[in-house]
Amino acid sequence: MKTKINVTVNGVSHQGEVEPRMLLVHYLRDALNLTGTHIGCETSLCGACTVLVDGLAVKSCTLFAVQLDGSKVTTIEGLAAEGKLHPVQEGFWEHHGLQCGYCTPGMIMTAAQILERNPDPSDEEIRHGLEGNLCRCTGYQHIVQAVQCAAKKMKSKTAVAR
Amino acid sequence: MAENYVGKRVKRTEDPRLIQGLAHYVDDIKLPDTLHAVFLRSIYAHARIKSVDTSAAAKVPGVVAVYTGKDVSAKIGPVPCAGALPDLKTPDHRVLATNKVYFVGHPIAVVVAENRYAAKDAADLIQVDYEELPVALDEEKATQPGSPVIHEQFGTNVAYKLTAGEGDIEAALKSADKVIKQRILNQRLAPIAMEPRGVLVRYYPGEQELTMWTSTQIPHLARTQIALMLGFPENKFRLIAPEVGGGFGSKLNVYAEEALLGWIAMQLNRPVKWIESRRENIQATIHGRGQTGYLEIGYKKDGTITGLRYNVFADLGSYFQLLTPAIPTLTGLMLSGCYKIPAIQINVTGVFTNKMATDAYRGAGRPEATYVVERALDLVAADMGKDPVEVRRKNFPAPSEFPFKTATGLFYDSGNYEGALKKALDISGYHKLRDEQAKARKEGRLIGIGVSTYVEICALGPSQAMPAGGWESATVRIEPTGKVTVLTGASPHGQGQETSFAQLAADQLGVHINDVTVIHGDTSIVQYGIGTFGSRATAVGGTAVWYAIEKLKEKANKIAHHLLEAGEGKVTFKDGKFSVEAPKVKAASVPEPVLPAAGMAPGASLPDPEPHGKHVSLQDVALAAHLAKSLPQDMEPGLSATYFFEPKNFTFPFGTHIAVVEIDRETGEIHFQRYVAVDDCGKVINPMLVDGQVQGGIVQALGQALFEEVVYDDQGQLVSGTLMDYAVPRASNIPWMELDRTETPTDVNPMGVKGVGEAGTIGATPAIVAAVVDALSPLGVRHLDMPIKPETVWRIIGKNKTGAA
Ligand code: FES
Ligand code: FES
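Keep in mind that this is a model prediction, so the values were computed, not measured. (Residues numbered from 1 in each chain as written. Chains lettered and ligands numbered in written order. Predicted model: local features only at pLDDT ≥ 70, side-chain atom pairs only at ≥ 80, totals over all residues. Heavy atoms only, no water.)

Asker: Explain the overall build of chain A here, please?
Answerer: When its secondary structure is counted, chain A shows five helices and five strands. Mapped from its N terminus to its C terminus, chain A presents α and β elements in the order β-β-α-β-β-β-α-α-α-α. Its C-alpha atoms give chain A principal-axis dimensions of about 50 × 40 × 25 Å. Classification of the 162 residues of chain A by burial places 56% in the buried group. Long-range contacts, defined here as pairs at least 24 residues apart, represent 56% of the contacts in chain A between residues at least 6 apart. Surface accessibility of chain A: about 6700 Å² in total, with carbon and sulfur atoms responsible for 52%. Positive and negative side-chain charges in chain A, numbering 15 and 16 respectively, have mean positions lying 2 Å apart. (Helix = DSSP H or I, 4+ residues; strand = E, 2+ residues; numbered from the N terminus. Buried < 20%, exposed > 50% of the residue type's maximum accessible area, 1.4 Å probe, protein only. Contact = heavy atoms within 4.5 Å. Areas by Shrake-Rupley, 256 points an atom, 1.4 Å probe, with all protein chains shown as cover. Lys, Arg positive; Asp, Glu negative; His and termini not counted. Charge placed at Lys NZ, Arg CZ, Asp CG, Glu CD.)

The structure is reproduced here in structure tokens:
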């Protein structure tokens, strides 16, 4: 039996019918073809599938698509506003925060949330915030630097806005 | 004016697609009408298959086909193994099990359905009737009489025995003032690339064309091998490694699932996809390491090493993958470390066990060797009551002794071990650290300093030493518009060669880096290549690019000479332009022409320079080469060059890693205070990429030293089957890495680059273990086995407390 859902993803509203057991990550990847959200474990242990649901970073392999009815989802594809990279994306690029790139979308979404909650995180706070995201390539140091760089960029932006 | 890119921290050209979620890994490629495959795998480590009943599975709505070993074994050739050793016992490794299963995760059947959910449901309904058999799990015990035998036809679990090394080891150990012995473990590890394996295959029956997208490090080698397995013509078989989400050796292989998916696509004439789950990835993608050994090291009173012997049991698993039996031979090659050891012997016993195959995991046999020799040196130092640094220095070859011949039969190309060591000691403030440690010890604190000085073998390698060719290829083309296309046979999957090769090409051709595109991983586009592993992509693949460009420039130069009507004049190439060097007399009398720079009014009005200052751009030459209206006589049109580079030796990067830890007496937890690494990988093309490689490697090494272990219980059940139980390092339990470099070029290639992909996993493990052992040395600890868990440490501290009380 399929269930009707209504979800806004990256600002676009989608109506669809999904099987109740369909995972959110499969809905995004297979039904909406948003393949930037990756699957590294399907058991909520790696963070590769992290997206923002109503502003909160969640692992999209731990949710069913039906639970999302009425929600707003942001995926990595929706992070760059009007074609301009998000400061976290810029930070990852400038500081070589990625190698194979597989963990990267999840890392970036998590990092964006870390900075939203704490615009000036310490090294330790960043690492703590990234606990749920595994990266096998980078050794995390460049990721930490990428997030610090993004924090600086976001601060100078808000300073300009004021 | 062209910039210089080589040696600079150039941002990666591959990143924009990756940071925006726009890249295409296998599972991101969608073809209409695709079927999905799910495997049923053995739940036992060793069992006879009495029957497999797929009837219920076949009835699940959406299921298109179910295949078992009986259906396919005669139709698909065995999974290949390229490791040829004398008297090697090679089991017949079929893509699906038929009569027996040999490890948990061994594939038995495959379900193909309209979607993954249906395929999974159906796989759950397959009934397998097993007869459980006793298991052989421990690589040492499996060699003893009375052990269950895995492959009955061999009558033993010993797959091979091999002795290597030079010098009279008996005499060397006898001549020593003292011989130290130690049992050494290199536990089984899982590579855990974050992207699991995945395969998508499409077959066009009309064109008889097979296209396979697979997450691999070796597209060409995989194509050849899978073509042979399928009996399908290689030249109609296109294999594409799309974006690959990490490999670390685990995708330097040819897997049963790949060939089987190819066969299924041809049976059903529909695209079929299989994406490995993480559980399958830990069960049935190759593991690494897995050695239990016994070392003996002899030394003289002054600390001079006289000889080293290593008797090792290598846990091969139940079947061979591509390089399974060959990995321990690399351990043998690197046992000299960066020391002068006159006699070395390794005795390898390769052993079948009821586990997944071991194979190349980042470092592939070399971390094992480095760990053994570094632990050995530390044991000597501890025994002598000397600083481990002093014992190392005592045995280093001097820079003037290179090329340095080892007793393992290698010639180290170049090295300055003292230089890297000294730099690392300076950065860490080693002597001050030792003073602080002495003070802290008096206060009862457990602080440890570990030093490892390593050398690794990279740029694999001369074809003589490789199972399937050790060269690499490149084609460089200048398109009619002047854009540069580089095709490399290497197959980067995170290392960043799209950028570093573009840096190289941009500098050599004097163009902007954005005008260079590096293409790899598609066998229909790229000339045959070997692939990316063994820290070879830059040193061998980059060198092929370098030579291809030199070759291309020769041709371009001739065309330019023709276009410039240079006659006797010499044409030179600089900053993307070919110019005629003025004949000497003229040049003396005419001032250097000022070339017009954009927007500069006076310059802009200058008339065209005289013939001696005439130039044509690379773009002009490329266009002329393609229009072919005015070319030197008998010259082929077009502007491209291909080069297959065969290295004459390996390269031997080296370095020093220093770890400083403090142990929490209450919990046994290990906290890093410092981590310093000085690596020497020869010339550096992009320091940012080198740092990234080193950091990633160090953290994987740290995983081996402190957390990671593939654990099978005594029934052969995989206990560490999820990322919950298999502890990959997370962002919070690792130190800040202070990195630096020395630069000792090699003459093995014209760029002087050595390779760096595996340095971290090789250099760091012994440093970290040494630091923990050093911290516990006041409690009488001389050696600990990896992974060193807090529990182990806590027990040692606890025992000591009771002992003291
Ligand atoms: S795929 Fe969701 S956490 Fe790993
Ligand atoms: S960049 Fe490869 S897993 Fe993080």
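Asker: What's the story with the pairing of strand E3 (residues 63–68) of chain B in this structure? I'm lost.
Answerer: In summary, the side chains of a regular strand alternate between the two faces of the sheet. Residue and element names in this part refer to chain B. Of all six residues in E3, five are buried; the element is thus mostly enclosed. Pairing of E3 with strand E5 (residues 107–113) involves five bridges; the strand directions are antiparallel. Counterpart to alanine 65 in the pairing with E5 is valine 112. (Pairing = 2+ DSSP bridges.)

Asker: What am I meant to see in unusual backbone geometry here?
Answerer: It is generally the case that most residues other than glycine have a negative phi and that most peptide bonds are trans. All names here are of chain B. Here phenylalanine 402 and proline 403 are connected by a cis peptide whose omega angle stands at -5 degrees. Structurally, proline 403 can be placed in the loop between helix H11 (388–395) and strand E16 (404–405). The step from methionine 786 to proline 787 runs through a cis peptide bond, and the omega angle for that step is -10 degrees. Note that proline 787 resides in the loop between helix H20 (759–776) and helix H21 (790–804). Notably, aspartate 575 is not glycine yet its phi reads approximately 50 degrees, a positive angle. Tracing the backbone through its elements, the reader meets aspartate 575 in the loop between strand E22 (570–574) and strand E23 (577–581). Of the residues examined, aspartate 575 reaches a relative accessible area of 31% and is grouped as partly exposed. You will see that alanine 628, though not glycine, has its phi angle at about 60 degrees, which is positive. Here alanine 628 lies in the loop between helix H18 (618–627) and strand E25 (640–645). Judged by relative accessible area, which is 34%, alanine 628 ranks as partly exposed.

Asker: Would you mind showing me how to read helix H7 (residues 256–268) of chain B here?
Answerer: Helical geometry: 3.6 residues make up each α-helical turn, so side chains three or four residues apart lie on a common side. Residue and element names in this part refer to chain B. Between its terminal C-alpha atoms H7 stretches 18 Å, which fits the 18 Å expected from 13 residues at 1.5 Å a residue. Of all 13 residues that make up H7, 11 are buried, and the element is covered over most of its length. Of the residues making up H7, those classed as buried are Ala256, Glu257, Glu258, Ala259, Leu260, Leu261, Gly262, Trp263, Ile264, Ala265 and Met266. Just downstream of H7, asparagine 269 is the residue with a positive phi angle, here 50 degrees. (Expected span 1.5 Å × (residues − 1).)

Asker: I tried to follow the domain arrangement of chain A on my own but got confused; where do I start?
Answerer: By a widespread convention, an interface's size corresponds to the accessible area lost as its parts come together. Residues and elements named next belong to chain A. Splitting chain A by domain gives domain 1 (3–76) and domain 2 (87–157). Taken together, the contact between domain 1 and domain 2 spans 18 residues of the former and 13 residues of the latter. Ranking the residues of domain 1 by area buried against domain 2 places His38, Thr50 and Ile76 at the top, with a combined share of 39%. Linking domain 1 with domain 2 are zero salt bridges, by the criterion used here. Linking domain 1 with domain 2 are seven residue pairs in polar contact (both at pLDDT 80 or more). Secondary-structure elements contributing two or more residues to the side of domain 1 that touches domain 2 are strand E3 (50–53) and strand E4 (56–59). The residue inventory of the side of domain 1 that touches domain 2, partitioned by class, reads nine nonpolar, eight polar and one charged. (Domains from an automatic or database assignment. Buried area = accessible area lost by both parts, 1.4 Å probe. Salt bridge = Lys/Arg side-chain N within 4 Å of Asp/Glu carboxyl O. Polar contact = N/O pair within 3.5 Å; in protein donor to acceptor, adjacent residues only side chain to side chain. Nonpolar A, V, L, I, M, F, W, Y, C, P; charged D, E, K, R; others polar.)

Asker: Just checking my understanding: could you explain the sheet that holds strand E6 (residues 127–132) of chain B for this structure?
Answerer: Strand pairing in a sheet takes place through backbone hydrogen bonds and is either antiparallel or parallel in direction. Residue and element names in this part refer to chain B. Pairing is antiparallel in the open sheet, where three strands are placed in the order E4-E2-E6. Both outer strands of the open sheet, strand E4 (100–101) and E6, are each paired with one neighbouring strand and no more. Two elements, strand E2 (residues 47–53) and E6, share six bridges in a ladder whose sense is antiparallel. Its bridge partner being in E6, arginine 48 is matched across the sheet by glutamate 131.

Asker: Sorry if this is basic, but what is going on with the domain arrangement of chain B here?
Answerer: Residue and element names in this part refer to chain B. Per the domain assignment, the segments of chain B are domain 1 (25–133 + 196–244 + 251–284), domain 2 (288–458 + 650–804) and domain 3 (459–510 + 535–648). Between domain 1 and domain 2, the C-alpha centre-to-centre distance is 37 Å. Every contact between the two is made by 31 residues of domain 1 and, on the other side, 24 residues of domain 2. A buried area of about 2400 Å², summed over both sides, lies between domain 1 and domain 2, and 67% of it is on carbon and sulfur atoms.

Asker: Looking at this structure, how should I read the environment of B:Ile525?
Answerer: All names here are of chain B. Along the chain, the position of isoleucine 525 falls in the loop between strand E21 (516–520) and helix H15 (537–563). As a C-alpha pair, isoleucine 525 and isoleucine 240 span 285 residues in sequence and 9.5 Å in three-dimensional space. If we ignore the near neighbours within four places in the chain, the residues touching isoleucine 525 are Arg238, Leu487 and Ile519.

Asker: Honestly, the nonpolar core in this entry has me stumped. Any pointers?
Answerer: Judged by nonpolar contacts, the single largest core of 183 residues is most densely connected at A:Phe92, B:Tyr675, B:Val772 and B:Leu776. At 11 residues, H20(B) tops the list of elements feeding residues into this core. With 49 residues, the next largest nonpolar core counts B:Ile478, B:Ala566, B:Ala625 and B:Leu631 among its residues. (Core = buried A, V, L, I, M, F, W, Y, C linked by side-chain atoms within 4.5 Å.)

Asker: Teacher, can you tell me more about the sheet that holds E25(B) here?
Answerer: All names here are of chain B. The four strands lie next to each other as E21-E20-E19-E25, forming an open sheet whose pairing is mixed. Only two strands of the sheet have a single partner each, and these edge strands are E21 and E25. Sheet twist, expressed as the average angle between the axes of neighbouring strands with direction ignored, equals 15 degrees. Helix H14 (residues 497–509) rests against strand E19 (472–478), strand E20 (484–488) and E21 of the sheet, and its axis sits at about 135 degrees to E21. Of the strands in this sheet, E19, E20 and E25 are in contact with H15, which crosses E25 at around 140 degrees. (Axes fitted to C-alpha atoms, helices over the stretch in contact; angles between N-to-C directions.)

Asker: Is there a simple way to think about the packing of aromatic side chains in this case?
Answerer: Any two aromatic rings considered together are summarised by their centre-to-centre distance and by the angle between their planes. All names here are of chain B. As enumerated under the stated definition, the model contains 23 aromatic pairs over all chains in all. An angle of 85 degrees between the planes, with centres 5.5 Å apart, marks the rings of phenylalanine 402 and tyrosine 417 as edge-to-face. Placement of phenylalanine 402 in the loop between H11 and E16 and of tyrosine 417 in helix H12 (residues 417–428) is noted, with a sequence separation of 15 residues between them. Grouping residues by exposure puts phenylalanine 402 and tyrosine 417 together as buried. (Phe/Tyr/Trp six-rings, centres within 6.5 Å; stacked < 30°, edge-to-face > 60°.)

Asker: Even after reading the chapter, I still don't get the interface of chain B and chain A, so can you show me in this structure?
Answerer: Contacts between the two partners involve 53 residues from chain B and, on the opposite side, 50 residues from chain A. Carbon and sulfur atoms supply 55% of the area that chain B and chain A bury against each other, a total of about 4500 Å² over both sides. Contact with chain A buries surface across chain B, with B:Ile19, B:Tyr117 and B:Met194 losing the most and accounting together for 18% of the total. If you look at where chain B meets chain A, you find five salt bridges. The partner of B:Asp27 in a salt bridge is A:Arg29, with the nearest N and O atoms 3.3 Å apart. Here chain B is connected to chain A by 29 residue pairs in polar contact (both at pLDDT 80 or more). Secondary structure elements with two or more residues in the side of chain B that touches chain A: helix H1 (15–19), helix H4 (116–124) and helix H19 (687–707) of chain B.

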